[in-house]
Amino acid sequence: MATFSFAWLSVPAEEAARRLLGCELVRKLNGRTIRVRIVETEAYDQADEASHTFRGKTKRNSTMFGSAGHLYVYFTYGMHYCCNVVCGKEGQGAGVLIRAVEPLEGIDIIEQNRGLSGKNATNGPGKVCQALGIDRTQDGHDLSQPPIMLIKKSLRKDEKVVTAKRIGISKAVHELRRFYIADNPYVSKR
DNA sequence: GACAAGATTTGCT
DNA sequence: GCAAATCTTGTCG
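Presented here is an overview of the structure given in this document. Quick caveat: nothing in here was measured; it's all calculated off a predicted structure.

Digging into the protein's contact with DNA strand C
Item 1. Lining the immediate environment of DNA strand C, one finds Arg55, Thr58, Lys59, Arg60, Phe75, Tyr77, Gly78 and Met79.
Item 2. Among all atoms of DNA strand C positioned within 4 Å of the protein, those belonging to sugar or phosphate total 69%.
Item 3. At 2.4 Å from a base oxygen of DNA strand C is found a main-chain nitrogen or oxygen belonging to tyrosine 77.
Item 4. Grouping the constituent residues of the surface near DNA strand C by class yields 3 nonpolar, 2 polar and 3 charged.

If you want it as structure tokens, here you go:
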């Protein structure tokens, strides 16, 4: 389907990061369904010194140079996966890191995958991937197709987006490119 | 062909 | 609060 289902993601990374807040991610795993809500994101684009795409296209980040609505998964620190939603226009090299989610359905599966329960199971980039069973074989996946789908949702009226400094990186840390839903208990703290 | 660093998490001092 | 665990990719010689 060469539709523009993800036209709403074909915008600058910062805008896409805001729009992704509150959206749901549906993951089919072993015949079960896991449904979560995105509560924290972080924007990356090619002009960002801390981005993988800063020095141009490589074999690893080629997914981020694809079209919006795809999944970019990378492996880091020898033990963790992080997942991003590609955004912007094709060839732009922009994406949004999913930093934290709120479990809505299939919580028992999440707890089983993580070996933990409560908010500690999904309040971090590496945790989200482990909880949803995402690894680098999902890199480049089309988020309009199973087993992982992205569903656009709006925030509730009483919820507001907070813009904050980035964390966990060593370059351009002062940039205000991290977004999260105010007062949501599943947001990573630090 | 070899070396250094990394969008993190967890456990111990 | 700090340091280790662990391996892939990118950069440099």
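Here the narrative resumes.
Section: the side chain of glutamate 40
Item 1. With respect to the secondary-structure elements, glutamate 40 resides in strand S2 (residues 32–44).
Item 2. Only 2.7 Å separates the side chain of glutamate 40 from the side chain of arginine 178, close enough to count as a polar contact.
Item 3. In contact with glutamate 40, not counting residues within four places along its chain, are Leu21, Leu97, Ile98, Arg99, Ala100, Arg178, Phe179, Tyr180, Val187 and Ser188.

A word on the pairing of strand S1 (residues 24–29)
Item 1. For S1, a buried count of 5 out of 6 residues is recorded, marking the element as mostly surrounded by other parts of the structure.
Item 2. Of the pairings in the sheet, the one linking S1 to S2 comprises 6 bridges and is antiparallel in character. Directly across from valine 26, in S2, lies its bridge partner arginine 35.
Item 3. Turn length for the S1-S2 hairpin, with the two strands adjacent in sequence and antiparallel, is 2 residues, and the turn residue asparagine 30 shows positive phi of about 55°.
Item 4. Of the strand pairs in this sheet, S1 and strand S6 (residues 148–151) are connected by 4 bridges, and their pairing is antiparallel. Its bridge partner being in S6, leucine 25 is matched across the sheet by leucine 150.

About the criteria used
Residues numbered from 1 in each chain as written. Chains lettered and ligands numbered in written order. Predicted model: local features only at pLDDT ≥ 70, side-chain atom pairs only at ≥ 80, totals over all residues. Heavy atoms only, no water. Near = heavy atom within 4 Å. Polar contact = N/O pair within 3.5 Å; in protein donor to acceptor, adjacent residues only side chain to side chain. Nonpolar A, V, L, I, M, F, W, Y, C, P; charged D, E, K, R; others polar. Helix = DSSP H or I, 4+ residues; strand = E, 2+ residues; numbered from the N terminus. Contact = heavy atoms within 4.5 Å. Buried < 20%, exposed > 50% of the residue type's maximum accessible area, 1.4 Å probe, protein only. Pairing = 2+ DSSP bridges.

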